[in-house]
Number of protein chains: 2
Amino acid sequence: MIRYRTTKQNQLILDAVQKHCDHPTADQIYLEVRASNDQISRGTVYRNLDKLADLGSLLRVKVPGADRYDCRLDVHYHMICRKCGAVVDAPLAYHHELDQQVLEQTGFLVERHRTVFEGICPACAADGTQK
Amino acid sequence: MIRYRTTKQNQLILDAVQKHCDHPTADQIYLEVRASNDQISRGTVYRNLDKLADLGSLLRVKVPGADRYDCRLDVHYHMICRKCGAVVDAPLAYHHELDQQVLEQTGFLVERHRTVFEGICPACAADGTQK
DNA sequence: ATGGGTGCAAAGTGTTTGCAAGTAT
DNA sequence: ATACTTGCAAACACTTTGCACCCAT
């Protein structure tokens, strides 16, 4: 059985994610952590983000392009702007009943669902240069 | 202004997608089309899938790993098995009211949302060798 | 004839992995 | 001491692109 160890790298990585409210990518975390530890490698960042997500210390948001990481620990929905790529939390409650409905109607053992709203964020909409 | 042309390649590609009810990946389409046209290239398949999705002749399902293509033309939800990777349509109606709710509460110009249920499909569950 | 489409191969992204050396427990 | 973790670089998987030629309109 595997026990996860505490290392200065994984602490730096978790700290970096928790400092953010804007859903950084693995690469952004890597660049940030590297500011205080110029030896750390991308591999270490990816490996630790995986472990921290497994442990439930952070959430992984699966969006096209690159996965994002979220310091919030409760499952929730996201919005992504197709112009600037920003990812923001959606102000909706998780609809647990949908998981139950799908299970009952299909026998699929649903563990969770992910919902992502796509569109244009207010800032980009104001920008005029639409589409 | 760009006008899309009809070519034998894009006809073969659309046919291949429509022949499927199991959400093939671009590469599966490529391999299949190549059976009747051994000259076609992956680039052409990717380019045409993009165009066909833009035109609304097929739907793109964005799931981790590789995007899938769906002959159904109405927006709907999907389930993905984390064991075998199968993608299946979910038997739920699209919840239009959510798009409206998010717009009202955030000003985000929502165009649509995507929902993917994650879990274990009945076949894999029966397999015993879980997790 | 004209301008979008094609095949090919190379290049891009984002992510994973094998390995020898390092380190938390 | 043990066995998980790291840094490095190479390998991966999926997708996009530059270019010269082709072909639908």
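Predicted model, so just to flag it, every value in this text is computed and none were measured. In every chain, residue numbers begin from 1 and rise along the written sequence. Ligands are numbered from 1 and chains lettered from A, in the order in which they are written. The predicted origin of the model limits local features to residues at a pLDDT of at least 70 and limits the giving and counting of side-chain atom pairs to 80 or more, whereas totals for whole chains, interfaces and linings rest on all residues. Side-chain measures here rest on the full set of heavy atoms in the structure, leaving out hydrogens and waters.

Enquirer: I'm lost on the protein's contact with DNA strand C in this one. Help?
Expert: Here a residue is considered near a molecule or strand provided that any single heavy atom belonging to it is located within 4 Å of it. As a structural note, the neighbourhood of DNA strand C is formed by 21 residues, with A:Tyr46, B:Arg5, B:Thr7, B:Gln9 and B:Thr44 the closest of them. In the interface set of DNA strand C, defined as its atoms within 4 Å of the protein, sugar plus phosphate atoms amount to 69%. Contributing elements (two or more residues each) for the surface near DNA strand C: helix H3 (42–55) of chain A together with helix H3 (42–55) of chain B. Counting from the N terminus, the helices are DSSP H or I runs at least four residues long and the strands are E runs at least two residues long.

Enquirer: Even after reading the chapter, I still don't get the interface of chain A and chain B, so can you show me in this structure?
Expert: The extent of an interface is frequently quoted as the accessible surface area lost upon association of the parts. Note on contacts: a residue pair qualifies if any of its non-hydrogen atoms lie within 4.5 Å across the two residues. Contacts between chain A and chain B engage 32 residues on the former and 32 residues on the latter. Buried area: the accessible surface (1.4 Å probe) lost by two parts on joining, summed over both. Buried surface at the junction of chain A and chain B, summed over both partners, amounts to about 2900 Å²; 66% is from carbon and sulfur atoms. A per-residue breakdown of the area chain A buries against chain B is headed by A:Phe108, A:Phe117 and A:Glu118, which together make up 23% of the total. We define a salt bridge as a contact between a side-chain nitrogen of Lys or Arg and a carboxyl oxygen of Asp or Glu at a distance within 4 Å. If you look at where chain A meets chain B, you find four salt bridges. A:Glu118 is the partner of B:Arg114 in a salt bridge, and the nearest nitrogen-oxygen pair spans 2.4 Å.

Enquirer: Got a minute to help me understand the layout of surface pockets in this structure?
Expert: Leftover empty space is mapped by rolling, across the atoms, a probe with the size of a water molecule. Think of a 1 Å grid over just the protein atoms. A cavity is a set of points where a 1.4 Å probe fits yet cannot get out, a pocket is an open set with protein on both sides within 12 Å along at least five of seven lines, and lining residues have an atom within 4 Å of a point. Grid points are joined across faces, edges and corners, and a volume is the space filled by probe spheres set on the points. Of the volumes computed, that of the largest pocket is approximately 600 Å³. For the largest pocket, the lining is made up of 15 residues, of which A:Arg82, A:Glu118, B:Asp54, B:Lys62 and B:Arg114 are closest to its centre. Residue assignment for the lining of the largest pocket shows that the elements contributing at least two residues are strand E3 (78–81) of chain A together with H3, strand E1 (59–61) and strand E5 (109–120) of chain B. Of the residues assigned to the lining of the largest pocket, the class counts are six nonpolar, no polar and nine charged. Taken as a whole, the second largest pocket holds about 350 Å³ of empty space. Only Asp, Glu, Lys and Arg are considered charged in this grouping, and only Ala, Val, Leu, Ile, Met, Phe, Trp, Tyr, Cys and Pro are considered nonpolar; every other residue, Gly among them, is considered polar.

Enquirer: Just checking my understanding: could you explain the relation of the copies chain A and chain B for this structure?
Expert: One copy of the chain maps onto the other through a rotation about an axis plus a displacement along that axis. Screw-axis analysis of chain A against chain B gives a translation of 0.0 Å along the axis, an RMSD of 0.1 Å, and a rotation angle of 180°. In symmetry terms, the pair is related by a two-fold rotation axis. Among all C-alpha atoms of chain A, that of A:Thr115 lies closest to the rotation axis, at 2.1 Å. Residues reaching a pLDDT of at least 70 in both copies supply the C-alpha atoms on which the copies are superposed by least squares.

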